[in-house]
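Here's the letter readout for the chains.
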Amino acid sequence: MAAVQSSKLLRKCVASPTGKHSASVIFLHGSGDTGQGVRAWVKEVSVPDLAFPHIRVVYPTAPARPYTPMRGALSNVWFDRYKISQDSLEHLESIDAMAKSLGAVIQEEIRAGVPKHRMIIGGFSMGGAMALHLACRYHPDVAGVFVLSSFLNKDSVVYQAVEERARAGSPLPELFQGHGTGDELVFHKWGEETTALLKKAGMTTTFHSFPGLQHQLSRPEIELLRSWILTKLLPDSLDASGQ
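Here the structure is a predicted model, which is why all the values come from computation and not from measurement. (Residues numbered from 1 in each chain as written. Predicted model: local features only at pLDDT ≥ 70, side-chain atom pairs only at ≥ 80, totals over all residues. Heavy atoms only, no water.)

Colleague: I tried to follow the overall build of the chain on my own but got confused; where do I start?
Modeller: Looking only at helices and strands, one finds six helices and 10 strands in the chain. For 243 residues, the compact-globule estimate of 2.2 N^0.38 gives 18 Å, and the C-alpha radius of gyration of the chain, at 16 Å, lies within 12% of that figure. On the principal axes, the C-alpha backbone points of the chain span a range of 45 × 40 × 35 Å. Within the span of the chain, comprising 243 residues, buried residues form 53% of the whole. (Helix = DSSP H or I, 4+ residues; strand = E, 2+ residues; numbered from the N terminus. Rg over C-alpha atoms; globule rule 2.2 N^0.38 Å. Buried < 20%, exposed > 50% of the residue type's maximum accessible area, 1.4 Å probe, protein only.)

Given below as structure tokens:
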């Protein structure tokens, strides 16, 4: 059962585990949505639900801010964009400020007894891009990152951060990426190129294409994501310390 919670900075919707809490997933919504909204969408498309006996799934809500692609209108977005394009520069000031706010959400999970290697960060659309910045630049010791119908700008600082960690032999989170071939907002090729560049930089990546799927979630995608979370990264057989 999901419950709405609030913290000093971000409102959250939380799907609590039915048993002992030993791992966490942080799921970031797309632009204009809320944590409650994406939580309801996940429940609508997935059977079984994206809920677990040992994993708490946290759905934060981005605060409303002026959004340039909407001519400065207020929207619940993780960061600003100059435009929705691979070729645009990143709005790093807003990205980095939000990374600090989301860091507080991660710290709440740590205080609950979950180490970062038992956490996954991910999201849909803009939430996926924010998750990559958060996981690859600020918290690279998390277990994994998932990115659904999303992309990074061609000159994203994430690629450099991944390459530097890989060159130093430092650990990096594993990437799960999914994208519909019918997506006309965030083109499928943008997602493919993002995965290819992250793999070239040194990440372990998996890319799943969903024929005909538009800019949306789907049951097959959530089923694959659920399996990746449970079988590869956050199995119930480990306790919170990883012993």
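After that view, the rundown keeps rolling.
Colleague: Any chance you could explain empty space enclosed by the protein here in plain terms?
Modeller: Under the defined criterion, the tally for this structure stands at one cavity of 30 Å³ or more. Taken as a whole, the largest cavity spans an internal volume of roughly 80 Å³. Along the wall of the largest cavity there are 13 residues; nearest its centre are F79, R81, E90, I95 and N153. Its residues assigned to classes, the lining of the largest cavity shows six nonpolar, three polar and four charged. (1 Å grid on protein atoms, 1.4 Å probe; cavity = no way out; pocket = protein on both sides within 12 Å on 5 of 7 lines; lining within 4 Å. Points joined across faces, edges and corners; volume = space filled by probe spheres on them. Nonpolar A, V, L, I, M, F, W, Y, C, P; charged D, E, K, R; others polar.)

Colleague: Please explain the UniProt feature "domain: Phospholipase/carboxylesterase/thioesterase" (unreviewed entry) in the chain as it appears in this structure.
Modeller: Sequence positions flagged by UniProt for "domain: Phospholipase/carboxylesterase/thioesterase" (unreviewed entry) are, in local numbering, residues 13–229. Across residues 13–229, the secondary structure splits into 37% helix and 22% strand, with the terminal C-alpha atoms separated by 19 Å. (UniProt positions renumbered as here; feature names shortened; annotations may be inferred.)

Colleague: Would you mind showing me how to read the pairing of strand β4 (residues 55–60) here?
Modeller: Within a regular strand, the side chains alternate between the two sheet faces. A large share of β4 lies buried, amounting to six of its six residues. Here β4 shows two buried faces, one formed by I55, V57 and Y59 and the other by R56, V58 and P60. Of the pairings in the sheet, the one linking strand β2 (residues 11–15) to β4 comprises four bridges and is antiparallel in character. Residue C13 lies in a different strand from β4, and its bridge partner there is Y59. Two elements, strand β3 (residues 23–28) and β4, share four bridges in a ladder whose sense is parallel. Across the sheet, the residue bridging to A23 is I55, located in β4. (Pairing = 2+ DSSP bridges.)

Colleague: Any chance you could explain helix α5 (residues 188–201) here in plain terms?
Modeller: Structurally, the α-helix is built with 3.6 residues per turn, so residues lying three or four positions apart point the same way. Taking 1.5 Å of rise per residue, the 14 residues of α5 would be expected to cover 20 Å, and the 20 Å separating its terminal C-alpha atoms lies within 8% of that figure. Among the structural elements, α3 (126–138), α4 (157–167), β9 (174–180) and β10 (205–210) are those in contact with the buried residues of α5. Of the residues trailing α5, G202 is marked for its positive phi of about 130°. (Expected span 1.5 Å × (residues − 1). Contact = heavy atoms within 4.5 Å.)

Colleague: Would you mind showing me how to read the layout of surface pockets here?
Modeller: A probe as big as a water molecule, rolled over the atoms, marks out the empty space that is left. Considering only enclosed or pocket space, the largest pocket measures out at about 170 Å³ in volume. Lining the largest pocket are 14 residues, with S31, S125, M126, L185 and H215 sitting closest to its centre.

Colleague: Got a minute to help me understand the pattern of salt bridges in this structure?
Modeller: Pairing is possible between side chains that carry opposite charge, provided their charged atoms lie close to one another. For the structure shown, the criterion picks out nine salt bridges. Among the ionic pairs, R56 bridges to E109, the shortest N-O distance being 3.1 Å. Of this pair, R56 sits in strand β4 while E109 sits in helix α2 (residues 92–111); the two residues are 53 residues apart in sequence, bridging distant segments of the chain. Here R56 matches E109 in class, with each residue buried. Where R219 meets E223, a salt bridge forms, and the shortest distance between an N and an O atom there is 2.9 Å. Separated by four residues within a single helix, R219 and E223 lie in helix α6 (residues 219–233), roughly one turn from each other. By relative accessible area, E223 is classed as partly exposed at 36%. (Salt bridge = Lys/Arg side-chain N within 4 Å of Asp/Glu carboxyl O.)

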